[in-house]
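Coordinates in review
So you can see what is in the structure, the chains are spelled out below.
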Amino acid sequence: NQGFLMNRQKDTNALNLDYGENGFVEVPDDIGFSFADDDGDNDSAFSITAWIYMEDATWFPIANKLQTSNQEWTFYVGSDDKFAIALYDNSTGKLRGRYDNTTLTSREGEWVHVACTYSGDESDPMAGIDLYIDGTAVDDQDYTNTGTYEGMERKTANLIIGAQQTNSKYSNGKIDDLCIYSKELEEAEVL
């Protein structure tokens, strides 16, 4: 696994987040960051990968298209230090996702490669979501609220890296080599 070892030592160009209101990047909305049609009838496949260095694993937002009443997806480490992805059906207020039930607290202060892949099957999105840490599949829990998830909808939220503005959460650490793909990566591609 030499690729992981080489990248862990190289962070001179990483986004250094200062755990405050200025510690994030906002990228203007683009259709390339949305994985659904306008009315939410059809999700499409996507994947997100990144290297993260968490000074504090509690609330470490990696990337999202998530603004109040303008929600699509979020890729993050939550308040419980658990790694997750959530997909939002903006019209119904329902969400679906997966998370790793093991906390990342022990990984603070080191580089970690994280990835999520989604097949685009909104009929059973949780079955189509996979999470990876350092190339190993780790998702083991569904993340959901009650009700019918019909699919993400194409919204106009900007892409936010390093913050989740809906709840004023900001990452404390670094993010490097964030990649967003318009396909479901295979496990070998994630590795």
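Up top is the structure these notes are about.
Just so you know, these numbers come straight off a predicted model, no measurement behind them.

**Re the nonpolar core**
- Grouped together as the largest cluster of nonpolar side chains are 33 residues, with contacts concentrated most on Ile-52 and Phe-83.
- Elements supplying a minimum of two residues to this core: β3 (46–56), β4 (60–67), β5 (70–77), β6 (82–89), β8 (111–118), β9 (129–133) and β12 (159–161).
- When residues in this core are grouped by element, the largest group, five residues, is from β3.

**A short note on the environment of Tyr-149**
- Residue placement: Tyr-149 occurs in the loop between β11 (141–144) and β12.
- Separated by 25 residues in sequence, Tyr-149 and Asp-124 place their C-alpha atoms 8.9 Å apart.
- Setting aside residues no more than four positions away along its own chain, Tyr-149 makes contact with Asp-43, Leu-87, Tyr-88, Asp-89, Lys-94, Leu-95, Arg-96, Tyr-118, Glu-122 and Pro-125.
- Here Asp-43 takes part through its side chain, which lies 2.9 Å from a polar atom of the side chain of Tyr-149.
- Of note is the side chain of Tyr-149, whose polar atom sits 3.2 Å from the backbone nitrogen of Met-152.

**Observations regarding the environment of Gly-109**
- Within the element layout of this structure, Gly-109 appears in the loop between β7 (94–103) and β8.
- Considered as a pair, Gly-109 and Ile-52 are 57 residues apart in the sequence and their alpha carbons are 9.7 Å apart.
- Residues in contact with Gly-109, not counting those within four places in the same chain, are Tyr-53 and Met-54.

**Comments concerning the pairing of β5**
- Most of β5 sits out of view: seven of its eight residues are buried.
- Pairing of β4 with β5, which is carried by seven bridges, proceeds in the antiparallel orientation. Residue pairing for β5: Pro-61 is matched across the bridge by Tyr-76.
- Between β4 and β5, which pair antiparallel one after the other, the connecting turn spans two residues, and Ser-69 there sits at a positive phi close to 55°.
- Here β5 pairs with β6 via five bridges, running antiparallel. Following the sheet pairing, Val-77 is matched in β6 by Phe-83.
- Connecting β5 to the next strand, β6, in antiparallel fashion are four residues, including Asp-81 with a positive phi near 65°.

Rules of the game
- Residues numbered from 1 in each chain as written.
- Predicted model: local features only at pLDDT ≥ 70, side-chain atom pairs only at ≥ 80, totals over all residues.
- Heavy atoms only, no water.
- Core = buried A, V, L, I, M, F, W, Y, C linked by side-chain atoms within 4.5 Å.
- Buried < 20%, exposed > 50% of the residue type's maximum accessible area, 1.4 Å probe, protein only.
- Helix = DSSP H or I, 4+ residues; strand = E, 2+ residues; numbered from the N terminus.
- Contact = heavy atoms within 4.5 Å.
- Polar contact = N/O pair within 3.5 Å; in protein donor to acceptor, adjacent residues only side chain to side chain.
- Pairing = 2+ DSSP bridges.

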